[in-house]
Amino acid sequence: MIVLENVSKSYSTGAPAIKKVNLNIEEGEFVFIVGNSGSGKSTLIKLLLKELEPTEGKISINGKVLNRMKRNRIPELRRDMGVVFQDFRLLKDRNVYENIAFAQRVVETPSRIIKRRVPAMLSLVGLSEKYRSYPKELSGGEQQRVALARALVNNPSILLADEPTGNLDPKNSWEIMKLLEEINNRGTTVLVVTHNREIVDAMGKRVITMNKGVVISDEKKGGYIYED
């Protein structure tokens, strides 16, 4: 599903952000990507979203080679990848329902489908009663649930979560991780970039550890490698 072959990315400022990375993530996997700041995690996510181009190597997602992909096909690629960020990135002037519906309107989903899918997503994340609320009226945990619902409303095969618990307290962090696990159990491939060692150690999922742009460990049921 996601294949990286000898992928490197260098910036003009100096050393490569990632070096000779080889990864194969299968359909339906739940994978943590961990490492200290500057390890290359964010660069890796941007390469998968085709926000950056690799300096060398090959990236394939769902059989599509990103290196050769024309610009007009990038929206199609991203439509099959839901993305959740640490800072939620909700539209402050729209309520919960409209924030989620917006992701469908962008891809010109018919109104009848929007009216069916948005309530289904709100039910999945436990926010059915909050559909008229605005982001400022929600807690951090609730905002992240809305962001999850928005990321999932177009039924992507892959969910990328970049530090999804970074702005949440421990209780809300665990609730978000349980939601991600449920989403994974429904068949979505889930990649989570995180610094939360407690969660990584407790969940027993595949853990890819990066350090200075290199994959130093890839464990099927691993924990966080504690680096100096």
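These figures come from a predicted structure and were not determined experimentally.

(A) Layout of the nonpolar core. Among the nonpolar cores identified, the biggest contains 40 residues, and Phe32, Leu148 and Leu180 are the most heavily contacted of them. Secondary structure elements with two or more residues in this core: β3 (30–34), α3 (96–106), α4 (111–124), α5 (140–152), β7 (158–162), α6 (170–185), β8 (189–193) and α7 (197–203). No other element matches the six residues that α5 contributes to this core. If we skip the residues at most four places from it in the chain, Phe32 touches Met177, Val192, Thr194, Ile199, Val200, Met203, Lys205, Arg206, Val207 and Ile208. Residues Ile25, Leu77, Met81 and Ile158 belong to the second largest nonpolar core, which totals 31 residues.

(B) Focus on the packing of aromatic side chains. All chains considered together, the criterion is met by one aromatic pair. Over the face of the ring belonging to Phe85 we find Arg89, whose NZ or CZ atom lies 3.7 Å from the ring centre. Above the plane of the ring of Phe30 lies Lys205, whose end atom (NZ or CZ) is 5.3 Å from the centre.

(C) The packing of α5 against α6, seen in detail. Between α5 and α6, whose axes approach to 10 Å, the crossing angle comes to 15°. The angle between the axes of α5 and α6 places the two elements in the roughly parallel class. Along this stretch, α5 crosses α6, giving a crossing that reads as right-handed. Between α5 and α6, the residues in contact are Gly141, Gln144, Arg145, Leu148 and Leu152 and Asn172, Glu175, Ile176, Leu179, Leu180 and Ile183, respectively.

(D) Main features of the pattern of salt bridges. In total, this model carries 14 salt bridges according to the counting rule given. The salt bridge involving Arg206 is made with Glu29; its shortest N-O contact spans 2.9 Å. With Arg206 in strand β9 (residues 206–211) and Glu29 in the loop between β2 (16–25) and β3, this residue pair connects regions lying 177 residues apart in the sequence. When sorted by exposure, Arg206 lands in the same class as Glu29, which is buried. Where Glu98 meets Arg105, a salt bridge forms, and the shortest distance between an N and an O atom there is 3.1 Å. Residue class for Glu98 comes out partly exposed when judged on its relative accessible area of 24%. Take Arg105: its relative accessible area is 39%, and that puts it in the partly exposed class. Each of the salt bridges in this network shares a partner with another, and the network as a whole consists of Glu29, Arg206, Asp218 and Lys220.

Conventions and cut-offs
- Starting from 1, residues in each chain are numbered consecutively following that chain's sequence as written.
- In keeping with the model being predicted, local features are shown solely for residues with a pLDDT of at least 70 and side-chain atom pairs are shown and tallied solely at 80 or more, while totals for entire chains, interfaces and linings include all residues.
- Each side-chain value is derived from all of the structure's non-hydrogen atoms; neither hydrogens nor water enter the calculation.
- Here, nonpolar core means buried Ala, Val, Leu, Ile, Met, Phe, Trp, Tyr and Cys residues that are tied together by side-chain atoms lying within 4.5 Å of each other.
- When accessible area is computed with a 1.4 Å probe and restricted to protein chains, residues below 20% of their type maximum are described as buried, those above 50% as exposed, and intermediate ones as partly exposed.
- Strands here are runs of E lasting at least two residues and helices are runs of H or I lasting at least four, both read from the DSSP assignment and numbered beginning at the N terminus.
- Two residues form a contact once any of their heavy atoms are found within 4.5 Å.
- Centre distance within 6.5 Å is the pairing criterion for rings of Phe, Tyr and Trp, where only the six-membered ring of Trp is used; planes under 30 degrees apart are then read as stacked, over 60 as edge-to-face, and the remainder as tilted.
- Charges are assigned to positions over rings by a cutoff of 6 Å between ring centre and Lys NZ or Arg CZ, combined with an angular limit of 35 degrees from the ring normal.
- The angle between two axes is taken between their N-to-C directions and runs from 0 to 180 degrees, where each axis is a line fitted to C-alpha atoms and a helix contributes only its stretch in contact.
- Just so you know how the angles are binned, under 35 degrees is roughly parallel, over 145 roughly antiparallel, 65 to 115 roughly perpendicular, and the rest oblique.
- What makes a crossing left-handed is the near helix being turned counterclockwise from the far one by less than a right angle; a clockwise turn instead makes it right-handed.
- Salt-bridge detection follows one rule: a side-chain nitrogen of Lys or Arg within 4 Å of a carboxyl oxygen of Asp or Glu.

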